[in-house]
Amino acid sequence: MAADPKQMHVTRSLAHTAPLINCRFDPSGEYLFATAEDRAIIRWKLADDSKVVFTGHDSWVRGLAFSKDGKTLVTSGFDDTLIWWPVAAEAPEPIRKVTAHKGWIRAVAVSQDGTLLASAGNDRIVKLWNMADGKPVRELPGHELDVYSLMFHPDGKHLLSGDLKGHIRQWDLAEGKEVRKLEAGDLHSFNSGQKVNFGGVRSLAHSADGQHLIAGGLHKATNPLGAVHEPIILRFNWADGKIVKKHLAAGVRGVIWRNIIHPEGFVIGCSGGSGGGWLLFWKEGEEKEFHKQKLQDTAREMDLHPDGIQVAAVHWNKKVSICRLEKKPAAPKK
């Protein structure tokens, strides 16, 4: 079934006991995982909305990444720690814990072949780990500011990392060396009055054919600490690293926490901030969004189900919105 964002509707809402931070569907599509400000990892079974809570981190959990076979979940916390978990266990306990970084771990990603785990955060070092046993493989230093996002390129040979400065570094996995640096300067600002670097590359995604890379975040940050800024997504041509399109959302205040290129080619962006929560949709060659959907509360993250139709967004109000990108079924006749 083809996805139609203009027909998007919310089908149900799931609830937790603390504000939510991040979410991911597992590869099978059976579960939705989320993280919360009570340090919990929550697993909902989508068939019946039954809920299981994983506990093990000593701080908020930001990163969620799955093994290639979908049986293992790796989480990263603001407690310097990576934890491996069994996805479907009835009473989940950590498989292993690794103290991985100094400071917050903001992002994790698993390589396409399932052998490598990448992690990065406030110590500005990208690290590679053996996914099977958690042993260190390599460190990739070079970022000037905190690293916010990671993505393995579909060619299987490269890793991309985006930082607060608006730099996207491309790493050769075999050599452990930086290949080039893509400039996403629109996503960074420095406010001399407030003395803060603000923005950053909050999300990275690639097109199925590998020809385009998109990077999301915020711009027009006239008052960073007052949350006065707008969401933006930059589209790069992979071959030469040049920006070919800027996807904008005029009138929306917030930041792109996650951007995804749908298998049918359009972009989905999740914006949250002082303007509330939004799901935004763009076509490849267009600057202005072709559809935007207001959500129930400030959005913090989102994910696309493997079926390409369901989208989950997590909110500050402790709830998850489950949406469908298709026409709403007609109400039964009485």
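We now turn to the structure provided with this report.

Cut-offs used in this document
- Residues numbered from 1 in each chain as written.
- Predicted model: local features only at pLDDT ≥ 70, side-chain atom pairs only at ≥ 80, totals over all residues.
- Heavy atoms only, no water.
- Phe/Tyr/Trp six-rings, centres within 6.5 Å; stacked < 30°, edge-to-face > 60°.
- Helix = DSSP H or I, 4+ residues; strand = E, 2+ residues; numbered from the N terminus.
- Buried < 20%, exposed > 50% of the residue type's maximum accessible area, 1.4 Å probe, protein only.
- Pairing = 2+ DSSP bridges.
- Axes fitted to C-alpha atoms, helices over the stretch in contact; angles between N-to-C directions.
- Core = buried A, V, L, I, M, F, W, Y, C linked by side-chain atoms within 4.5 Å.
- Contact = heavy atoms within 4.5 Å.
- Salt bridge = Lys/Arg side-chain N within 4 Å of Asp/Glu carboxyl O.
- Polar contact = N/O pair within 3.5 Å; in protein donor to acceptor, adjacent residues only side chain to side chain.

Throughout the structure, instances matching the rule amount to eight aromatic pairs. Ring geometry for Phe33 against Phe66: centres 5.6 Å apart, planes inclined by 65°, an arrangement best described as edge-to-face. With Phe33 in strand S3 (residues 31-36) and Phe66 in strand S6 (residues 61-66), the pair connects residues that are 33 residues apart, well separated along the chain. Each of the two residues, Phe33 as well as Phe66, counts as buried. Between the aromatic rings of Phe78 and Trp104, the centroid separation amounts to 4.0 Å while the plane-to-plane angle is 5°, which identifies the pairing as stacked.

The next subject is the sheet that holds strand S16 (residues 167-172). In sheet architecture, strand pairing relies on hydrogen bonds along the backbone and comes in two forms, parallel and antiparallel. As summarised here, the arrangement of the four strands in space is S14-S15-S16-S17, forming an open sheet in which the pairing is antiparallel. Looking at strand neighbours, the two that pair on one side only are strand S14 (147-152) and strand S17 (177-183), the edges of this open sheet. Within the sheet, the average angular offset between the axes of one strand and its neighbour, ignoring direction, is 20°.

Read across the open sheet, the four strands follow the order S24-S25-S26-S27; overall the sheet is antiparallel. What marks the edges here is a single partner per strand, and that holds for strand S24 (255-261) and strand S27 (291-294). Sheet twist, expressed as the average angle between the axes of neighbouring strands with direction ignored, equals 20°. For S24 and strand S25 (residues 267-273), the ladder comprises six bridges, and the chain directions are antiparallel. Paired with Arg258 across the strands is Cys270, a residue of S25.

Regular strands show a simple pattern: their side chains alternate between the two faces of the sheet. With six of its six residues buried, S3 lies for the most part within the structure. Of the pairings in the sheet, the one linking strand S2 (residues 20-25) to S3 comprises five bridges and is antiparallel in character. Paired with Phe25 across the bridge in S3 is Leu32. Hairpin remark: S2 followed by S3, antiparallel, with five residues in the connecting loop; positive phi at Gly29, about 80°.

Let's shift gears to the nonpolar core. Leu279, Phe281, Met302 and Leu325 are the most contacted members of the largest nonpolar core, which totals 18 residues. A per-element tally of this core places strand S28 (residues 299-304) first, with three residues. Beyond its immediate chain neighbours, meaning those up to four positions away, Phe281 contacts Pro5, Met8, Phe266, Val267, Ile268, Glu289, Phe290, His291 and Leu325. Residues Leu14, Ala40, Ile42 and Val314 belong to the second largest nonpolar core, which totals 16 residues.

Our focus in this paragraph is the pattern of salt bridges. One pass over the structure, following the stated rule, counts 16 salt bridges. Across the salt bridge formed by Arg62 and Glu301, the nearest N and O atoms sit 3.4 Å from each other. Placement of Arg62 in strand S6 and of Glu301 in strand S28 is noted, with a sequence separation of 239 residues between them. Note on accessibility: Arg62 and Glu301 belong to one class, buried.

Where the residue is not glycine, phi is negative for most of them; where a peptide bond is considered, it is trans in most cases. The phi dihedral of Asp80 falls on the positive side, at around 75°, and the residue is not glycine. Mapped onto the secondary structure, Asp80 falls in the loop between strand S7 (72-77) and strand S8 (81-86). With a phi close to 55°, Lys195 is a non-glycine residue in the positive phi region. In this fold, Lys195 is placed in the loop between strand S18 (188-191) and strand S19 (196-199). The class of Lys195 is exposed, set by a relative accessible area of 65%.

Turning next to the side chain of Thr35. Note that Thr35 resides in strand S3. A relative accessible area of 0% means that Thr35 is categorised as buried. Side-chain polar atoms of Thr35 contact the backbone oxygen of Val61, separated by 2.8 Å. Aside from chain neighbours lying at most four places away, what touches Thr35 is Pro19, Leu20, Ile21, Asn22, Ala40, Ile41, Ile42, Val61 and Leu64.

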